[in-house]
Amino acid sequence: MIEVVHLSKNFKNQLVLEDVSCRFERGQTNLIIGQSGSGKTVLLKCIVGLLTPTEGDVVYDDTIFTRANFQEKKKIRRQIGMLFQGGALFDSSTVEENVRYPLDMFTEMTEEEKKERVNYCLKRVNIVNSNHLFPSELSGGMKKRVAIARAIVLNPKYLLCDEPNSGLDPQTAIVIDNLIKEITEEFNTTTIVNTHDMNSVMGIGKKVVFIFNGRKEWEGSNKDIFQSDNQALNQFVFANRLAREFKTPEK
Amino acid sequence: MFRLLSHIGNYFILLGRTFAPPEKRRIYYRQFIRELNNIGINSLGIVVIISAFMGAVITLQTAYNTENPFLPKYLIGLGCRDSLILEFSSTMVALILAGKVGSNIASELGTMRVTEQIDALEIMGVNSASYLIMPKILAAVVFNPFLTIISIIIGIIGGYLAVIFTHVISPADFIVGIQYAFIPYYIVYALVKTIVFAFLITTISAYQGYTVKGGALEVGVASTRAVVFSSINILLFNVILTQLMLS
Ligand SMILES: Nc1ncnc2c1ncn2[C@@H]1O[C@H](COP(=O)(O)OP(=O)(O)O)[C@@H](O)[C@H]1O
Ligand SMILES: [Mg+2]
């Protein structure tokens, strides 16, 4: 479980997040949705501690992360797997080295064990026979999948994804979404996914938090999203559905 | 002025984070070897080429500018040797490395920053500053003295070849010159300068790259700034070290 409590974030004079509170349960895919620039990435970075909130707290199960000391923070960080918008694979390392990196850095496994674990994770995301390729040789969808493999290699309790299917074609996007959902259920992780894609909302949005201009405007599940009479939310949903109905590509 | 001070402050904060004890020695060692190759071995070619030509040019210029018949000819060899040791192989080579290594470091770290690779390291709980920057500093500080020594040797060989091909003086005079009144302390002075310059190039360029905000355009800007600020600092510390060590 991850909980955000009255969280605000300013950059100099610009208020990006204002008094956001929400709770993300374990074993299900929690979505943060909103249009570009609404503050989703900033919220996610506050949650993992890459940014320090101006006000408010972030709670990981029984630890208040924002008030934890260095050692406690480190312990929690080791349990977080994060998938960045562009994948953030290390350019100078191969697929295998990328996935293996957290094992090298944080475990005392033998070479054999590492190899086995790496191959298991790569297979789990359907990457085979690509161990020696470099990130520049991979397609967008493959990069994302390798990044997922790297994020789960240490068996994380928390899985955070920033726009996992931005820049992907709709079909590949669905594959990635489903992969995230399956992994969440299989490993029982607390998963948070940032997205502006209504397809993802309908596909995997067990719990949805809608951010609008830095405030939490609405929350619920993808089942009640069409019943809402929230104007900003309807605009967001409608804009996306319109696009789909006219069958124009989203990007 | 305020911006300059805040940059200097942030530079030292980054240095503080960089010199934290390594979390896994074996991995840092692997990085160190990689950087030794990137920063050191890969600079060997350019240093050799430039040093050979500069040695030749220094010799010829000294020869053509000392027409006075009362000056012994071997002074030309001595001039070549001491210019190389005192100034060329330490400072000039450092300036050239600032261009090559500095821009390389800044663009590598800058790209890692804007593509969130540095964030990815931080999330995993890795001290990214230490992991990425320390091996580069160590590699340059360890390897650049060798480059300087190699540069001196190649420079003298270049001068000798120039003498052989142009006959400005006899090769024997040149050989006498390069052995005449040799002051070993000059080598110490050159190596101290080299080590300080290596530290300046790697840390300033790393700072520029590590703190990039934005996208590809800003990475380019950072890489230019890395070269400019490294060069200015090399020149500044050249004066300071010379005053401290030779006065
Ligand atoms: N490091 C930063 N410094 C200043 N402003 C920022 C920073 N990061 C994000 N912002 C601003 O915060 C707002 C929200 O950005 P972001 O969270 O990236 O939106 P998105 O919902 O598209 O992920 C934007 O207006 C952006 O300009
Ligand atoms: Mg974003």
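Residues numbered from 1 in each chain as written. Chains lettered and ligands numbered in written order. Predicted model: local features only at pLDDT ≥ 70, side-chain atom pairs only at ≥ 80, totals over all residues. Heavy atoms only, no water.

**Let's talk about the overall build of chain A**
Across its full length, chain A carries eight helices and ten strands. A compact globule built from 251 residues should have a C-alpha radius of gyration of about 18 Å, and chain A, at 18 Å, falls within 12% of that. Dimensions along the principal axes, computed over C-alpha positions, put chain A at roughly 55 × 50 × 35 Å. Each of the 251 residues in chain A was classed as buried or not, and the buried ones make up 54%. Long-range pairs, those at least 24 residues apart, make up 66% of the contacts in chain A between residues at least 6 apart in sequence. Here chain A displays about 11,900 Å² of accessible surface, and carbon together with sulfur accounts for 48% of that area. (Helix = DSSP H or I, 4+ residues; strand = E, 2+ residues; numbered from the N terminus. Rg over C-alpha atoms; globule rule 2.2 N^0.38 Å. Buried < 20%, exposed > 50% of the residue type's maximum accessible area, 1.4 Å probe, protein only. Contact = heavy atoms within 4.5 Å. Areas by Shrake-Rupley, 256 points an atom, 1.4 Å probe, with all protein chains shown as cover.)

**A look at the site of ligand 1**
Residue and element names in this part refer to chain A. All residues adjacent to ligand 1 are F11, Q14, V16, Q35, S36, G37, S38, G39, K40, T41 and V42. Within the backbone of G37, a nitrogen or oxygen atom sits 2.6 Å from an oxygen atom of ligand 1. Contacts to ligand 1 include V42, whose backbone N or O atom sits 2.9 Å from an oxygen atom. Contributions of two or more residues to the shell around ligand 1 are made by strand 2 (14–24) and helix 1 (40–48). (Near = heavy atom within 4 Å. Polar contact = N/O pair within 3.5 Å; in protein donor to acceptor, adjacent residues only side chain to side chain.)

**As for the sheet that holds strand 5 (residues 63–64) of chain A**
Residues and elements named next belong to chain A. The strand order 2-1-4-5 describes an open sheet built from four strands, whose pairing is antiparallel. Either end of the sheet is taken by a strand with one partner, and the two such strands are strand 2 and strand 5. In this structure, strand 1 (residues 2–11) lies alongside strand 4 (residues 55–60), joined through five bridges in antiparallel fashion. Across the sheet, V4 pairs through a bridge with V58, a residue of strand 4. Relative to the sheet, helix 1 contacts strand 1, strand 2 and strand 4, its axis offset from that of strand 1 by approximately 120°. (Pairing = 2+ DSSP bridges. Axes fitted to C-alpha atoms, helices over the stretch in contact; angles between N-to-C directions.)

**Digging into empty space enclosed by the protein**
The full count for this structure, using the stated rule, is five cavities of 30 Å³ or more. Space inside the largest cavity adds up to approximately 150 Å³. Along the walls of the largest cavity sit 14 residues, with I80, G81, R150 and A151 of chain A together with M124 of chain B positioned nearest its centre. Among the secondary structure elements, those contributing two or more residues to the lining of the largest cavity are strand 6 (80–83) and helix 5 (140–152) of chain A together with helix 5 (117–124) of chain B. One number sums up the size of the second largest cavity: a volume of about 60 Å³. Every residue lining the second largest cavity is listed: E35, N38, I39, K100, V101, N104, I105, E108 and K136 of chain B. Of all the secondary structure elements, the ones that give two or more residues to the lining of the second largest cavity are helix 2 (25–40) and helix 4 (75–114) of chain B. (1 Å grid on protein atoms, 1.4 Å probe; cavity = no way out; pocket = protein on both sides within 12 Å on 5 of 7 lines; lining within 4 Å. Points joined across faces, edges and corners; volume = space filled by probe spheres on them.)

**Re the interface of chain A and chain B**
If you look at the interface, chain A gives 26 residues, while chain B gives 21 residues. Of the roughly 1,900 Å² buried between chain A and chain B on both sides combined, carbon and sulfur atoms contribute 57%. For the chain A face of the interface with chain B, the top three residues by lost area are R77, Y101 and M105 of chain A, together amounting to 29%. Across the chain A-chain B interface, the total number found is four salt bridges. Across the pair E116 of chain B and K45 of chain A runs a salt bridge whose closest N-O atoms are separated by 3.4 Å. Inspection of the region where chain A meets chain B yields seven residue pairs in polar contact (both at pLDDT 80 or more). (Buried area = accessible area lost by both parts, 1.4 Å probe. Salt bridge = Lys/Arg side-chain N within 4 Å of Asp/Glu carboxyl O.)

**Describing the packing of aromatic side chains**
Geometrically, a pair of aromatic rings is defined through the distance of the ring centres and the angle of the planes. Residue and element names in this part refer to chain B. Under the defined criterion, the tally for this structure stands at twelve aromatic pairs over all chains. Taking the centre distance of 6.1 Å and the plane angle of 50° together, the rings of F143 and F146 count as tilted. With a gap of three residues between them, F143 and F146 both fall in helix 6 (residues 128–166), about one helical turn apart. A residue is classified by how much of its surface remains accessible, and F143, at 14% relative accessible area, is buried. (Phe/Tyr/Trp six-rings, centres within 6.5 Å; stacked < 30°, edge-to-face > 60°.)

**A word on the layout of surface pockets**
Reported here for the largest pocket is a volume of approximately 880 Å³. Lining the largest pocket are 22 residues, and of these R113, D119, Y210, V212 and K213 of chain B sit closest to its centre. Secondary-structure elements contributing two or more residues to the lining of the largest pocket are helix 1 of chain A together with helix 1 (2–18), helix 4, helix 5 and helix 8 (184–210) of chain B. Looking at the lining of the largest pocket element by element, the count peaks at four residues for helix 1 of chain B. In the lining of the largest pocket, the residues fall into eleven nonpolar, four polar and seven charged. (Nonpolar A, V, L, I, M, F, W, Y, C, P; charged D, E, K, R; others polar.)

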